[in-house]
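Okay, here's what each chain looks like letter by letter:
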Amino acid sequence: MWGGRFASGPDAIMEEINVSIDFDRRLYRQDIAASKAHAKMLAKQGIISAKDAKSIGQGLDAILAEIEAGKFTFQRALEDIHMNVENRLSDMIGPAAGRLHTARSRNDQVATDFRLWVRDSIDALDTAFAAYQLALAEQALVYADTVMPGFTHLQTAQPVTFGHHLLAYVEMAARDRGRFKDARKRLNESPLGAAALAGTSFPLDRDMTAKALGFDAPMANSLDAVSDRDFVLETLAAASIAAMHLSRFAEELVIWTSPLSGLVKLSDKFTTGSSIMPQKRNPDAAELVRAKTGRIVGALLGLLMVMKGLPLAYQKDMQEDKEGAMDALGALALALAAMTGMARDLVPDADRMKAMAGSGYSTATDLADWLVRTLAMPFRQAHHVTGRIVKAAEAAGVPLERLPLDVMQKVEPKITKDVFKVLSVEDSVRSRTSFGGTAPANVRREARKWLQRLAKQKPAKQKK
């Protein structure tokens, strides 16, 4: 490849550390699309002939067909996807292929290809997130009235509804989609035409190639265009936060499906057995989603370390931008698909959820609120009174709703029998009607809003 300057080929170790075709072959569609746009622009500007541009375009289409048919032979000696495509183009159309690289460098070529690939990945993830939200919102509507324990510190706190709990993850996913949308907007500028680092003396029309590739505009600084990978970092940051959200839900599925809690069941579709214990049903899909978060966050941290000390402009270190990012975004897509499947598959044990929702005196706050509303008691005093009543119920070994009225009145004489209207878990969740609260009516309303919104939404993409 470097015959004009180098008298011999690289050492085997040099070739091994330098080669990237094993992973950057995934950029073939983007590489061919960018090359076609570049060739058309060169012809329009009179830099190459229309005849050569036509031959280049036809040859690139033929190469695309070969790759997608599995008939293309990738050569590691040619290092990367760019040289593999160019070499095959030369075999097909002869010397005209050499004109394709006029006024560009592999530096702006790879930056363009990878921006296109990341953009395509974001668009695919947005569609996957919408499917995940849809699965959760549909289940939330079904289980809008199903009472479950709400937790803080993994201790029973207050009753909530299962639908409300699921909608929390719908909201998280909406913010995740927003972060990816923001990242997409910022990455959508074209490096093509920046050449190696300084631009070029050829009269390029960079607006033409940017428009052809669906970019909003060409990047304004040639050094910046070839030397930064913040678009990858921002996308990986969004992916890391999204993976963390998926991991939290996956962790809850692991806890909920344990016989120790038994709140939810997953079918054979998303569980596995044991090689030695025939009775086991393991939530392996959820556990693997939880684990993939490490790979995704690791890709972000790895690329931050690659980039942190690099002077302008391009450095070969930046070849390390792709493998980790491709793995991370692939892992996120798989985790999303698995969580969507589990969201559709899960079945709550409503009776057990209700029983556990009432454990631990979870309606104590409802009692305190009743004292404030009905007896005009300051909340701090109501909190103290409620604590003494809970202590009495605990000593008697009964839940609050079964504690005799006279026992309560020994603590606070003004308490009436009306207090029992707020002490059941059903009454508790029905009362939480404030905006964002867990009341079944709220949950049904919010679930329907999400279902309508998702039906109208289109994936975040959009200019191609």
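Here, every reference points to the structure presented above.
Attention in this report is confined to the structure presented alongside it. Sequence positions are assigned chain by chain, starting from 1 and proceeding in written order. In view of the model being predicted, local features appear only for residues whose pLDDT reaches at least 70, and side-chain atom pairs are presented and counted only at 80 or more, with totals across whole chains, interfaces and linings using the full set of residues. Excluded from the side-chain calculations are hydrogens and water; all other atoms, namely the structure's heavy atoms, are used.

1. Considerations on the overall build of the protein
So, point 1. In terms of regular secondary structure, the protein is built from 18 helices and six strands.
So, point 2. The principal-axis extents of the C-alpha atoms in the protein amount to approximately 100 × 55 × 40 Å.
So, point 3. Considering the protein as a whole, with its 464 residues, one finds that 48% of them fall into the buried category.
So, point 4. Contacts are assigned to residue pairs that have any heavy atoms within 4.5 Å of one another. Residue pairs in contact within the protein that sit at least 24 positions apart in sequence constitute 76% of those at least 6 positions apart. Comment: elements are numbered from the N terminus, with helices defined as DSSP H or I runs of at least four residues and strands as E runs of at least two. Exposed residues in this analysis have more than 50% of their type's maximum accessible area, buried residues have under 20%, and partly exposed residues fall in between, with area computed by a 1.4 Å probe over protein chains only.

2. So, the packing of helix H11 (residues 284-307) against helix H12 (residues 321-345)
So, point 1. The angle between two axes is taken between their N-to-C directions and runs from 0 to 180 degrees, where each axis is a line fitted to C-alpha atoms and a helix contributes only its stretch in contact. Packing of H11 against H12 leaves a shortest axis separation of 9 Å and a crossing angle of 155°. Between H11 and H12, the crossing angle belongs to the class labelled roughly antiparallel. In the packing of H11 onto H12, the handedness of the crossing is left-handed. Residues Ala285, Ala286, Val289, Lys292, Arg295, Ile296, Ala299 and Leu303 of H11 form the contact with H12, whose participating residues are Asp321, Gly324, Asp327, Ala328, Ala331, Leu332, Leu334, Ala335, Ala338, Met339 and Met342.
So, point 2. Residue polarity is assigned by list, with Asp, Glu, Lys and Arg as charged and Ala, Val, Leu, Ile, Met, Phe, Trp, Tyr, Cys and Pro as nonpolar; anything else, Gly included, falls into the polar class. Residues that form the contact of H11 with H12 fall into these classes: 14 nonpolar, one polar and four charged. Under this scheme an angle from 65 to 115 degrees is roughly perpendicular, one under 35 degrees roughly parallel, and one over 145 degrees roughly antiparallel; angles in between are oblique. If you view the pair so one helix is near and one far, a crossing is left-handed when the near helix is turned anticlockwise from the far one by less than a right angle, and right-handed when it is turned clockwise.

3. Side note on a nonpolar patch on the surface
So, point 1. Patch membership requires more than 30% relative accessible area and the absence of a salt bridge. Residues of like charge join within 9 Å; the nonpolar side chains Val, Leu, Ile, Met, Phe, Trp and Tyr join within 5 Å. The Shrake-Rupley method, run with a 1.4 Å probe, gives the accessible areas here. Residue values count only the displayed protein chains as cover. By definition here, a salt bridge exists when the distance from a side-chain nitrogen of Lys or Arg to a carboxyl oxygen of Asp or Glu is within 4 Å. A surface patch of nonpolar side chains, amounting to about 260 Å² of accessible area, comprises Phe151, Leu154 and Ile255.
So, point 2. Mapped onto the fold, Leu154 is located in the loop between strand E1 (147-152) and strand E2 (155-161).

4. Some details on the packing of aromatic side chains
So, point 1. Think of it this way: a Phe, Tyr or Trp ring, Trp meaning its six-membered ring, pairs with another when their centres are within 6.5 Å, and the plane angle makes it stacked under 30 degrees, edge-to-face over 60, tilted otherwise. All told, the structure shown has eight aromatic pairs when counted by the stated rule.
So, point 2. For the cation-ring pair, Lys322 lies above Phe114, with the distance from its terminal atom to the ring centre recorded as 5.6 Å.
So, point 3. Charge-over-ring contacts are defined here by two conditions on Lys NZ or Arg CZ: a distance within 6 Å of the ring centre and an angle within 35 degrees of the ring normal. A cation over a ring is seen here: Arg453 above Trp450, with NZ or CZ 4.0 Å from the ring centre.

5. Here we look at the pattern of salt bridges
So, point 1. Overall, the coordinates contain 26 salt bridges when judged by the stated rule.
So, point 2. Residue Asp61 is joined to Lys36 by a salt bridge in which the shortest nitrogen-to-oxygen separation is 2.7 Å. Taken together, the residues span a long stretch of sequence, with Asp61 in helix H4 (residues 50-68) and Lys36 in helix H3 (residues 28-44) at a distance of 25 residues.
So, point 3. Look at Asp61 and you get partly exposed, because its relative accessible area is 37%.
So, point 4. Here Arg179 and Asp176 are joined by a salt bridge, their closest N and O atoms 3.0 Å apart. Taken together, the positions of Arg179 and Asp176, both in helix H7 (residues 162-187) and three residues apart, correspond to about one turn of that helix.
So, point 5. With a relative accessible area of 27%, Arg179 lands in the partly exposed category.
So, point 6. We classify Asp176 as buried; its relative accessible area is 2%.
So, point 7. Among the ionic contacts, a cluster of salt bridges with common partners joins Glu16, Asp22 and Arg76.

6. Section: the pairing of E1
So, point 1. With five bridges joining them, E1 and E2 adopt antiparallel strand pairing. Residue Met148 lies in a different strand from E2, and its bridge partner there is Val160.
So, point 2. With antiparallel pairing between neighbouring strands as the criterion, E1 and E2 make up a hairpin whose turn holds two residues, including His153 at a positive phi of roughly 60°. At least two bridges found by DSSP between two strands is the condition for calling them paired.

7. Some points on the packing of H4 against helix H5 (residues 81-93)
So, point 1. Taken N-terminus to C-terminus, the directions of H4 and H5 make an angle of 115°; their axes are 9 Å apart at the nearest point. Remark: the crossing between H4 and H5 carries right-handed chirality. Contacts between H4 and H5 involve Ser55, Ile56, Gly59, Leu60, Ala62, Ile63 and Glu66 on the former and, on the latter, Val85, Arg88, Leu89, Met92 and Ile93.
So, point 2. Here the residues of the contact of H4 with H5 are counted per class, giving eight nonpolar, two polar and two charged.

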